[in-house]
Structure formats: structure tokens, C-alpha cells
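Each chain, written out:
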Amino acid sequence: MTEKYNPAEIEPKWQAKWEADGLYHADIDPSRPKYYALTMLPYPSGDLHIGHWYAMTPSDARARYLRMKGFNVMFPIGFDAFGLPAENAAIKSKIHPKERTYANIDRMRGQLRSMGAMWDWRRDATSCDPEYYHWTEWYFIQLFKNDLAYRKMSPVDWCPNCNTTLAREQVWGEDRHCERCDTPVIKKELDQWFFRTTNYADELLDFSNVDWPDRVVAMQTNWVGRSEGASVVFYTEQEDPMEIFTTRPDTLWGATFMVLAPEHPLVDKVTNEEYRQEVEAYKLQAARQDEIQRGATDKEKTGIFTGGYAINPVNQARIPIWIADYVMMGYGTGAIMAVPAHDERDFEFARKFGLEIIPVIQPEGELFDGETMPVAYIGPGVMINSAQFDGTEVSDSKGWKNPGIKAVNDWLEEKGTGKADVSYKLRDWLISRQRYWGSPIPMISCEICGWQPVPEDQLPVLLPEDVEWLPTGESPLKLHPTWKNTTCPECGGPAERETDTMDTFMCSSWYHLRYLSPHYDKGLFDPEEYDYWMPVDTYTGGAEHATMHLIYTRFFHKAGRDMGVLQGDEPMTQLRNQGQILGPDGQRMSKSRGNVIDPDEQVRQHGADAVRTYLMFGYRWADGGPWKTENIQGVVRWLHRIWSIFSDQAEPGKPDPAVLKSLRRKVHQTLKQVSHDIETFEFNTIISGLMELLNEMIEARVAGAAGTSEWAEAQDYYLRMLAPVAPHIAEEMWTEKLGKPYSVHTQPWPELDEEATKVDEITLIVQVNGKLRDRITVPVDVSEADAKQTALVSEAAQRFIEGKEPRKVIYVPGRLVNIVV
RNA sequence: GCCAAAGUGGCGGAACUGGCAGACGCGCACGACUCAAACUCGUGUUCCUUCGGGAGUGAGGGUUCGAUUCCCUCCUUUGGCACCA
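All values derive from a computational prediction rather than experimental measurement.

The rules we used
Residues numbered from 1 in each chain as written. Chains lettered and ligands numbered in written order. Predicted model: local features only at pLDDT ≥ 70, side-chain atom pairs only at ≥ 80, totals over all residues. Heavy atoms only, no water. Helix = DSSP H or I, 4+ residues; strand = E, 2+ residues; numbered from the N terminus. Polar contact = N/O pair within 3.5 Å; in protein donor to acceptor, adjacent residues only side chain to side chain. Contact = heavy atoms within 4.5 Å. Axes fitted to C-alpha atoms, helices over the stretch in contact; angles between N-to-C directions. Parallel < 35°, antiparallel > 145°, perpendicular 65-115°, else oblique. Nonpolar A, V, L, I, M, F, W, Y, C, P; charged D, E, K, R; others polar. Buried < 20%, exposed > 50% of the residue type's maximum accessible area, 1.4 Å probe, protein only. Pairing = 2+ DSSP bridges. Domains from an automatic or database assignment.

**Q** With reference to specific residues and values, describe the side chain of Q452.
**A** With respect to the element layout, Q452 can be found in strand β23 (residues 450–453). Polar side-chain contacts of Q452 include one of 3.0 Å to the backbone oxygen of C449. Among residues more than four places away in sequence, those in contact with Q452 are P442, M443, I444, C488, P489 and E490.

**Q** Which residues make up the packing of helix α21 (residues 657–679) against helix α22 (residues 683–702), and what values do they have?
**A** Contact geometry of α21 with α22 gives a least axis separation of 9 Å together with a crossing angle of 170 degrees. By the angle class used here, α21 and α22 are roughly antiparallel. Contacts from V659, S662, L663, K666, V667, T670, Q673, V674, D677 and I678 in α21 reach F683, T685, I686, G689, L690, E692, L693, E696, M697 and A700 in α22. Its residues assigned to classes, the contact of α21 with α22 shows 11 nonpolar, 5 polar and 4 charged.

**Q** An account of the pairing of strand β34 (residues 816–820) is requested, with residue identities and associated values reported.
**A** A large share of β34 lies buried, amounting to 5 of its 5 residues. Side-chain alternation along β34 places L816, N818 and V820 on one buried face and V817 and I819 on a second face that is also buried. Of the strand pairs in this sheet, strand β31 (residues 761–768) and β34 are connected by 4 bridges, and their pairing is parallel. What sits directly across from V768, in β34, is I819. Across 5 bridges, the pairing between strand β33 (residues 808–812) and β34 is antiparallel. If you follow K808 over to β34, its bridge partner there is V820. Linkage of β33 to β34, two consecutive antiparallel strands, is achieved through a turn of 3 residues, within which G814 is found at a positive phi near 80 degrees.

**Q** Go over the domain arrangement of chain A, please, and point to the residues and values.
**A** When its domains are assigned, chain A resolves into domain 1 (9–126 + 508–578), domain 2 (140–196 + 428–504), domain 3 (227–423), domain 4 (606–618 + 627–756) and domain 5 (759–820). Taking only C-alpha atoms, the centre of domain 3 and the centre of domain 5 are 69 Å apart.

**Q** Lay out the sheet that holds strand β24 (residues 485–487) in plain terms, naming residues and giving numbers.
**A** The strand order β23-β22-β25-β24 describes an open sheet built from 4 strands, whose pairing is antiparallel. Two strands bound the open sheet, and with one partner strand each, they are β23 and β24. Pairs of neighbouring strands in the sheet enclose a mean axial angle of 40 degrees, with direction left out of account. Across 4 bridges, strand β22 (residues 443–446) lies against β23 in antiparallel orientation.

Here you go:
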């Protein structure tokens, strides 16, 4: 009798030993190629989620594999520890965010250890540690000094009931209400800090040097939203210049009115006294709505005539100026020329308010009439009603390569009324938060000298601990009696500290750099570590970060490069997203639904190896899906079978050499498949491949294979292939049952014998008219003539040929013979 | 509306470059073991069938000797963006 597989016993045992031995320490070693494998750092919410296991343990398996392949692998972990939940909890329960956060981190470290992952805990970094945010602050100062950080007025979401600013994720529902008290939020203008992400708009569109999922590339491209067109200056009748951006300069002659965003600075000036009251009322109404409400596409267009007129610079036409909330102040110049004949929105607006529609693009065979055309025409054609441009071809391609757009742009530029221009949807990054639990913004405001950075030798600006959490809407730092009072570093006079803190996305934009040397006190990172490890080779995490975090971290890196702080164009070479594990009911897991799967409980029941392998086996990693409680039985049984086949010493038998050859073939075929799949993140087929091999090993053992060299190789290879996915049982079997030298995790990945994967005989399928009719077994090196002959005379084939003359016989070596009659 | 990804047994999912559809596992059925049940082990498991075969990878069409795989149209689901001028 052998003892039963008991993960609760072996798993903690090995975890403790690996850690004591420093098995997973990653140190610079120029003799080996490096590999930086990174998984997105968790927020210390207090409990590890099954989603963390799903994200992290397959990434760990892959990192382990690469280590066995000879790479010097760094696989670090840390905590994104600043942020709102801890502060909201503090307002409610008066527990200090620091206390709560560190308690959560402690708990989660224990949970993370139970995964059996190869974290190098010496590189653990926590973003709310002063030794971490010291450098977040320092980096802010570098951005400020390089004119990449600036201040401007900007609206925030504000809850009038709680009297506080809210982050985007705290605003819920269609009516945009506060998550705590359900009061609809309003916009409030505050003076805030921004980073110039838009300086990098074009570069952020370049993905030529990274291997990222198409989906993320598409989302980021969308997010940056580059549009080519032209900017053109119109003049009001009072001769004020009014710049507009358009993607369709070829339709300038069809501009029959102009629309300004209600917030546009020229609105007051162009408004005729007769219309002022209505305009003011409209402005007020628009201000109450926020961008999301205004953006509802199904909403009917609204707007108001200002009484003012502008002159179309291309034909001197006098056109009315309207204001409407479908024009956004935040995009382009906040003013548009409206060409109702060729723009759906302008068309809808013109029809509603009875404005003129003049077609200026016409496809062949059409004769548009502005009075009667039912919809705007967006397609290609030739220009009409456009003076000297009449007859110019307009294709349906976007941007400057369109001949019509190109021709008009050249002319505008020559004439000086406009120029080719680009517009982006991307906005600068607003980083101010009116909150306590974040990295301080190391800036000092002096009445005489303006904003001054805190001298670098005085960093970090520490968060004071004795603060009150009151839902006042002000940062608790502002309410602190003394903290904000300081002296100006420039003139020495009295001055005040910035009391807003930084968006936590700032902390997470560079944690991969802090991991390099978490305790380094002379900069963001130790340059020696940077030179060896960077860039990140593989970055894994959730697709929900496709735009925000992953754009910010690219910005951080590119800005750092331009400031001379670091090198290279991109921080992360390869990116892969995992899917999401849902509750057993197919819904997103949440406490309120009661469908949360607790990983600790699963580990208690089945062991970490079972949870790891189930998560790898049960899903396409990139897709995820519902947790199936009964499905984990499959991998549990498999692990038990592994235990028993490596524990029982079967008597050596006298096996048929064919059995041994076939066993060895399967071993090497599996090795080939597993190596491929682990590199390409196809974790489910790694496990199924290993299951198949085990099934074959069980059969071979029944056939007497135990005791042979083939059997020994199978056992040895099996455990080395198993080691990345189920590290504990692999170690136990390797060292304890087979008595091989500790540790299986420091073994090299098995060597593939390509010859051994080959077969001597193959099965060719025989098709008649493309339908499978028979199978024939032939030598692997069969000649085409022999194969065809064997197929033709096969009994089943004969039956379906029915004596007809084969018209054609197709032979695909190693695959099939298809007889066409 | 626009962009992206995906639709394969009762279920999760396999299938290399166009070549045996359904690997592996769950579930289910039957059998062995057991007083019995669980565990474990074995066998079977896409559907229809007159047992010859026929149909079958969301629907329809196309290319091909041959299509889950390539092309076109459509439907559905998921994610993202959404009056971006």
C-alpha cells in the first residue's frame, strides 16, 4: 500500500522549502539570456479572487517553462496599493487606509504563496510605500520640468449630496448617479494637473515593434482616434477668426451654416442681442448635462441660432452661426462648418431647422437636389458647385490620400486660409484626484513664484498620517491643519503644497520598473538591473486595461526615454490577455449575487495543483468562462492517477518491442506538442496532451513496460513536463518517489528526439469523390504509385467506384488518396 | 451605428499550412468491485438509419477532387467605442 495523494500535506511543504532555498531568486546573470515575465499587479482588496489564479498561474507555468528552457527568468509580484476603496472604507469605518491596506497585503501575500508560483519575493514592491512613491513624485517633477505636466481648468464629476468629487468608476447608470447615495452627479470646474499624452499621439499608434493582440491594438488605435483633414479659418461678421477642423475640406463649398459648442468662447460675442436670452438658456441647459448624456446618439438634435453670421472663406457666402450640444468643446476647436448635404448629423440638424442644403459631391448618374434629398450623401463622386474644383474626383478613402481632399488642402495652404491638419480623440491625462490615499503631487504654490517643484533632496513628500476623513469633497490633505503650509523653494516666502494626489494609474505605469530594484534609493531603478532585464518580454493581464493602463504605461515609458531617464521605445514587447472566470451561473462573480468561488476553499478541497491545472485545462485562456464545480473532478482524478502510477513499483515484464517504441514515440510527440502549446499560451491542450500520455503510459505498464529504459525515460520526461503546470506533485514524485536530485524545477526542459516522433507505418484515408470510404495502412515511405494502387484495389473503394473509370486520382503524401470518378 | 473577436455533441473544448470532425475531460448509461453507496476500474456515448449507409461544425451561397479551415451575404453572442466634425 502506498499513501494517498494528499496535496494539503505536500504543497505547503514544498512551498516552504523552495522559499527557504531561494529557488526562484532572479539575479543578473550575463551568461544566460534573460526573460522578464510580468503579470498585472493586484489591488490589495483583502482577498485573492479566482480571477487572480486564472491570470497568474498559467503565466507562472509559462515562466517556469522558460526557466527550464535555459532563460534567466524574473517573475515578480507587488501591490497597486493606493486608491479609492481603502479611503471610502476609511470614511465609513474610520480605519486608516494605511492600516487596512497593509493588513490586506499581508493576507494576500499568504494567499499568493499558496499558488505555488515562482515569485521572487525579494522584488516585491508596494506602491503606497514611501520608498516607492518617492519616485512616483520624482517622476512627476521630471515631467513638469520637461513641460509634460501642466495645469488647467477641467470639469470633474461631483456629488452634491456627499459633497465630493467622484472618479469615473464611482458614477453609475444612465442617469449618472453617485455610487453611494444615488444622487445624480454634476460637473464642476477645478484647476488640475495634466500630462501631455497627446504629444505622443502619433507614436502611440505605432505597434510595429511589439507583439500585442489585435484587439488591444485596435482599441488603442481607436482611442487615439487620429483623423486627417484640414483646419480652416472662417471669420465672423465682426471679423473674429473662427478656426474649424474638418475631415472633408472637399465639401467646403457646401457649408451652409456653422455650429459652435455651447461653451465656445466666441458664443457671447457672435450672439445678437435679439437672441441672447435664448442662447443663455440653451448654454445653461447644456452645462447641466454631461458629455455622456449629450453623447446619446438617439437623442434628437437641439440647437439655437445666435443671430450672428460668418463668411465662408472659399466662396464668401454669408452663413448663420448656431450653437448646438452635438458639437463638443473637447474635440477639434469646438466649432464646425456644417455641410448638411454630406454629413448625417448636419443633415438632420438642417432639416429640423430648415437650413439650406447644397450638394457639392455627386456620383455619376445622380442629380442631387438639396430640397429633396432624403439623406446625406457620404460616398465618392465628383465635386460640383465648387468653382474651379468642379469635376475633381473624390474617392471614398479617408484622409489626405483622397484626391479631392488633397487638391483642396493644397489650394487652402496656398491661399493661406487653411492647412492640412490632424485631430485626435485622445486627450491629455488628468492626474489630479481630490483624495488622500494616493501619491502626493510634489508641487508648491507660491503667490510670487507660481508653481514650484519640491526640491528633489526633500523627496518624498510624505502623506501625513493624522488626517480626518470627512465627506467634504476636499482632499483630507487640504483640511489638515499644518501639512500644506510650507515655504517656497524659490523665494523662501510662505507657500502651500498641492493637496490633490495623483491618479493611481500613475503608480501602476511604472511598477514593472520598480520591481527591478524595489529598494533602490538613487532613482526609479538601478540602471544595471534595467540594462539587463528590460524590456518586459511577456506581459499578461486582463483586457479591461487595454486602453487606460496600457496607454499610460506606454506614455510613461516614451516620456522617460525623451527625458533621458530610460531607454527603448516600448516597455512591453509581448502582451497577452486572459479571459474572465464567471460564476457557475454564467454571471460575473459578485458578493451580491452570491456566486463567488473562493480560491482558498478550492485549494483546501482539491489542492493548488488541481486548481492550477483545472484553470488551465477547462478554458481557452483568452476566453475564460463559467466556473464548473464538477469539471474540476477531471484534473483531480488525473493527479491521483499520476500519484499512483509514480508510486506503485510495477514488476518489470517482457514487453513487445512495438509497445516500447510506441511509448517512446508518444513521449516525444507529447513533448513537442506541450513545448509548442506552452509558448503560445494554449494551456488547455498542454493538460490534455499530458493526460493522453498518461493514458498511454498506463496501457504500456499493463503491457509490461515497467523497468525498461523507455519506461524510465517516460517517467523522467513526464515529471519535467508536469513541473511547470503542477509544481508540487511534480516535485514530490521527482525527488521522493523517483529519488532524483532536487529540484525538478532546476532541471532543464527535456530534449526532443525528432526521430522518435516519427512513425513507420501510416494510415492513408481512401476517398471516392471526396468521401471517406476506407483506410489503408502503408509504409511511411510508400511511393505514390504504390499508394494509389493499394487504394484503388481496396475493397471499399472498389465498391464505390462501381466499375467506373477513375477520372483522376489525387494523392496527398501522408494523408490520403482521393479517387474521382 | 462603427470597430474587434467568436459561433463545433447534453456541457467545457480539440482539429498543424484546405485533407479521418468531435482529441482530452465533464456529464450520462451499462458492467466489475461492495451487504449497500461513494471512490476506483472497464465499456459505450454527434444525430438519423431499412445497418448498405445518410446527414452534420450558426444560416445561405461560392471556390476546390476535397472546406470547421479560404471568399461573399446574412443571423446571433461577447467586448470596446459611440453626435469625434
